[in-house]
Amino acid sequence: QVQLVESGGGLVQPGGSLRLSCAASGFAFSRYIIEWYRQPPGKERELVGVVTSAGGSTNYADSVKGRFTISRDNAKSTVYLQMNSLKPEDTAVYYCYAAGLQTWGQGTQVSVSS
């Protein structure tokens, strides 16, 4: 069964950091590009960033560039989203997505508030 499971969300103060994980199972993980999305409350889901299958290339939305970093460990079938200098506007449910399989994780809530 193809599955993506996010973890690592929580409540953090502005300026803080969190690292999200996306654990994959049921498919040849190392062959697939993985994307991170987020959906702020009351808004549409938006692309945060993408990592290529081998992890050699990443791309980010302008709103997170320089603050967020995506990496992956294909040996562990896991993708990470390191989020630094968090802002209240980063509050959202964060999802990972395997585009080639049209598979979403269940999401993890990130709340940035003092």
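Residues numbered from 1 in each chain as written. Predicted model: local features only at pLDDT ≥ 70, side-chain atom pairs only at ≥ 80, totals over all residues. Heavy atoms only, no water.

Quick look at the side chain of Thr78 now. Assignment of secondary structure puts Thr78 in strand 8 (residues 78-83). One polar contact links the side chain of Thr78 to the main-chain carbonyl oxygen of Lys76, over a distance of 2.8 Å. The residues contacting Thr78, other than those within four sequence positions of it, are Ser21, Cys22, Ala23, Phe29, Arg72 and Asp73. (Helix = DSSP H or I, 4+ residues; strand = E, 2+ residues; numbered from the N terminus. Polar contact = N/O pair within 3.5 Å; in protein donor to acceptor, adjacent residues only side chain to side chain. Contact = heavy atoms within 4.5 Å.)

Looking now at the side chain of Ser21. Considering the arrangement of structural elements, one finds Ser21 in strand 3 (residues 18-25). Overall, Ser21 belongs to the buried group, its relative accessible area being 16%. (Buried < 20%, exposed > 50% of the residue type's maximum accessible area, 1.4 Å probe, protein only.)

In summary, the side chains of a regular strand alternate between the two faces of the sheet. Counting buried positions over the 6 residues of strand 8 gives 5, a clear majority of the element. Where strand 3 lies against strand 8, 6 bridges are found, and the strand directions are antiparallel. Considered in strand 8, the bridge of Ala23 is made with Thr78. Here 6 bridges tie strand 7 (residues 68-73) to strand 8, and the two strands are oriented antiparallel to one another. Across the sheet, residue Arg72 finds its bridge partner in strand 8, namely Val79. Between strand 7 and strand 8, which follow one another and run antiparallel, lie 4 residues, and Ser77 among them has a positive phi close to 50 degrees. (Pairing = 2+ DSSP bridges.)

A few words on unusual backbone geometry. Although it is not a glycine, Ser85 sits at a positive phi angle of roughly 50 degrees. Along the chain, the position of Ser85 falls in the loop between strand 8 and strand 9 (92-98). Ser85 sits in the partly exposed class, given a relative accessible area of 42%. Despite not being glycine, Gln102 shows a phi value in the positive range, around 50 degrees. As for its position among the elements, Gln102 is in the loop between strand 9 and strand 10 (103-104). The class for Gln102 is exposed, based on a relative accessible area of 65%.

What the rule picks out here adds up to 4 salt bridges. A salt bridge links Asp62 to Lys65, with the shortest nitrogen-to-oxygen separation between them at 3.1 Å. Exposure remark for Asp62: the relative accessible area of 69% places this residue in the exposed category. Salt-bridge contacts for Asp90 lead to Arg67; the nearest nitrogen and oxygen are separated by 2.7 Å. Placement of Asp90 in the loop between strand 8 and strand 9 and of Arg67 in the loop between strand 6 (58-60) and strand 7 is noted, with a sequence separation of 23 residues between them. Exposure class is identical for Asp90 and Arg67. Each is buried. The network of salt bridges with common partners includes Arg38, Glu46, Arg67 and Asp90. (Salt bridge = Lys/Arg side-chain N within 4 Å of Asp/Glu carboxyl O.)

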